[in-house]
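# Structural features, examined
Below, each chain spelled out in residue letters.
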Amino acid sequence: MDGWEWLIVAIKCVVILLIFLGAPLILVLVERWTLGRLQSRIGPNRVGWSGTLQTAADGLKLGIKEDLIPRGADKLVFWFGPVFLVVPALAAWAIVPVGPKVGLGRDIGLWAVDLNVGILFFLAMGSLGVYGVVMSGWSSNSKYAHFGALRASAQVISYELIMGLAVLAVILYAGSLSLIDIVEQQRGLWFIVPQFVGFLLFVIAGVAETNRVPFDLPEAESEIVAGFHVEYSGMRFAMFFIAEYANIILISAIITTLYLGGWLGWTIPGMEGLTGIVWFALKTVAFIAMFLLLRAALPRLRYDQLMSFCWKFLMPIGIINVLLAAGLRMAWS
Amino acid sequence: MPSWIAVVILIALALLFTIGSFVGTMALKPRRKDPVKGEAYESGMPPIGDTRGRHNVRFYIVAMLFLIFDVELAFLYPWVVLYSNLDEQLFLFIEALVFIGILGVGYVYAWRKGALDWKN
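First, a word on scope: everything that follows refers to the structure included in this document. The numbering scheme is per chain: residues are counted from 1 as the chain's sequence reads. As they are written, the chains are lettered A onward and the ligands numbered 1 onward, keeping that order. The model is predicted, so local features are restricted to residues of pLDDT at least 70 and side-chain atom pairs to those at 80 or more, both for listing and for counting; the totals for chains, interfaces and linings are taken over all residues.

The subject of this paragraph is the overall build of chain B. Helix and strand definitions here come from DSSP, where helices need a minimum of 4 consecutive H or I residues and strands a minimum of 2 consecutive E residues; each element is numbered from the N-terminal end. From N to C terminus, chain B includes 3 helices and 0 strands. Each helix (α) and strand (β) of chain B, taken in turn from the N terminus, gives the series α-α-α. For the radius of gyration, the atom set is restricted to C-alpha positions; the globular benchmark scales as 2.2 Å times the number of residues to the power 0.38. Computed over C-alpha atoms, the radius of gyration of chain B comes to 25 Å, more than 25% over the 14 Å expected from 2.2 N^0.38 for 120 residues, which places it beyond the range of a compact globule. Its C-alpha atoms give chain B principal-axis dimensions of about 70 × 50 × 15 Å. Per-residue burial for chain B yields a buried fraction of 17% across its 120 residues. Here a residue counts as buried when 20 or more other C-beta atoms sit within 10 Å of its C-beta, as exposed when there are 12 or fewer, and as partly exposed otherwise, the C-beta atoms being derived from the backbone.

Here it is as structure tokens:
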């Protein structure tokens, strides 16, 4: 690697960090506006121009608030819990391809790194995110946080299996674990068509992985207050918010990449890079909107329903889906 | 490996941002110790008993089931990559059927034993 390549990688990483920090600010605001409208109220409309600076003001305020550590808490683990949540959420962004290769003097791929284990890396980072939740819930020495962490760990590891099974069938069609190869293989046909069942499995597992409604049992407000982050305040509380919303965006981007052809779409010759980014952003935003609307539309599941839905319904479907895809592929060739 | 450098940079940036923002805002924060503030939240009542006691055994069972099925999944990943790139697909397919069949027996056993039920 020469100096220019180092510079390019560094610039990509800084851009990813800026998007990672900026997008949740906008998304929280949009969510509060959407929920407000859907619940016949106005939502934030005071700070800034009709509420546009609300989340920025909230973040600033959290920065100057006292950080409480409950008595009997495991201080070190309590301190580092949110760190373990944010790090994998940001690291997973390294493999997301937002566009094709563009030629600006030299070929630059619109992704930070093309790992040959791509999608496995994403699944690994998803698993690491559970550690942050369990660490912060366990170390708080609060019963609500404890239950929230237990629920979150059981739920996330269960639905991770479903996600893994759905991804297996995609790899069957693509023949590679690299996300760039997976997108390139969808030039003829987006994988949502042959893998519609897998797509549904992945979306359901994705909603469960991010602990969003209707799978938000780890932080069910009406039962266990706020779940694993009930004892957190100040800047550490803000980290939970950033991680949650960054994970929503990440999952939407991965769904787009795996099933909706990533950056592929109609393009103007010579402008593939720009149209690619626009297509990728449009598809991703559609799934983010789905996350927001789900929150307004659906009630929360019961915990036993949540677990039996995963183990008794989605699990057999996922396994049969992989075998069917394998059989179909053999019949084709 | 040079290709992993972006991942390393991103992890470093994330650590820098989180730990930096915790440490950086320390000077801005008020710090007033209070015995009541230090209590864990329990609906406004003084906390009763210890948090880290016994809890539902179901959580352990889910963890064990996850281990079994996740190892199975980890075995299937190399299989899937080979399957879509090699020619002897029939052999590989039957192999996977046998593997998943053995796992299926375990799955049915766990189901019949009630390990997948949350209620007793």
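There is more to say, and it comes next.
Quick look at the environment of A:P316 now. Residue and element names in this part refer to chain A. With respect to the secondary-structure elements, P316 resides in helix 11 (residues 303–332). Under the C-beta neighbour-count criterion, P316 is labelled partly exposed, with 13 such atoms within 10 Å. For P316 and I162, which are 154 residues apart along the polypeptide, the C-alpha to C-alpha distance reads 9.6 Å.

Along an α-helix, residues three or four positions apart point the same way, because every turn accommodates 3.6 residues. What a helix should span is 1.5 Å times the count of its residues minus one. Helix length check: helix 3 (residues 89–113) of chain B (25 residues) gives 36 Å between terminal C-alpha atoms against 36 Å at 1.5 Å per residue, within 8%. After helix 3 of chain B finishes, the residue B:G114 shows a positive phi value of roughly 85 degrees.

The next point concerns the nonpolar core. Note on terminology: a nonpolar core is a set of buried residues of type Ala, Val, Leu, Ile, Met, Phe, Trp, Tyr or Cys, with members joined through C-beta atoms within 7 Å. Membership of the largest hydrophobic core comes to 127 residues, with the highest contact counts inside it found for A:V86, A:L90, A:A94, A:I95, A:I162, A:F202 and B:L10. At 22 residues, the largest contribution of residues to this core is made by helix 5 (residues 143–174) of chain A. Sequence-distant contacts of B:L10, that is, excluding residues within four places in its chain, are made with A:C13, A:I16, A:L90, A:A91, A:W93, A:A94 and A:A112. Placing a C-beta atom from the backbone of each residue, one calls two residues in contact when those atoms lie within 7 Å.

To obtain each axis, a line is fitted to C-alpha atoms, and for helices this fit is confined to the stretch in contact; angles are then taken between N-to-C directions over 0 to 180 degrees. Between helix 1 (residues 3–38) of chain A and helix 1 (residues 5–24) of chain B, whose axes approach to 10 Å, the crossing angle comes to 40 degrees. Compared by their axis directions, helix 1 of chain A and helix 1 of chain B come out oblique. You can see that helix 1 of chain A and helix 1 of chain B cross each other, and the crossing is right-handed. The residues of helix 1 of chain B that touch helix 1 of chain A, namely those facing A:V9, A:A10, A:K12, A:C13, A:I16 and A:L17, are B:I5, B:A6, B:I9, B:L10 and B:L13. Residues belonging to the contact of helix 1 of chain A with helix 1 of chain B are distributed by class as follows: 10 nonpolar, no polar and 1 charged. Angle categories: roughly parallel below 35 degrees, roughly antiparallel above 145, roughly perpendicular from 65 to 115, and oblique for all the rest. Handedness of a crossing is defined here by the sense of rotation of the near helix relative to the far one, left-handed for an anticlockwise turn of less than a right angle and right-handed for a clockwise turn. Residues are grouped as follows: nonpolar covers Ala, Val, Leu, Ile, Met, Phe, Trp, Tyr, Cys and Pro; charged covers Asp, Glu, Lys and Arg; every other residue, Gly included, is treated as polar.

Each partner contributes residues to the interface: chain B has 51 residues there, and chain A has 66 residues. Among the secondary structure elements, those contributing two or more residues to the side of chain B that touches chain A are helix 1, helix 2 (58–85) and helix 3 of chain B. Counted by class, the side of chain B that touches chain A contains 33 nonpolar, 10 polar and 8 charged residues.

With that out of the way, let us pick up helix 1 of chain A. With 36 residues, helix 1 of chain A should cover 52 Å at 1.5 Å per step; its first-to-last C-alpha distance of 52 Å lies within 8% of that length. By the burial criterion, the buried members of helix 1 of chain A are A:K12, A:C13, A:I16, A:F20, A:P24, A:L27, A:V28, A:L29 and A:E31. Check the buried side of helix 1 of chain A and you find it contacts helix 2 (54–63), helix 3 (75–91), helix 9 (234–259) and helix 10 (272–297) of chain A together with helix 1 of chain B. Looking one or two residues past helix 1 of chain A, A:S40 carries a phi angle of roughly 60 degrees, positive in sign.

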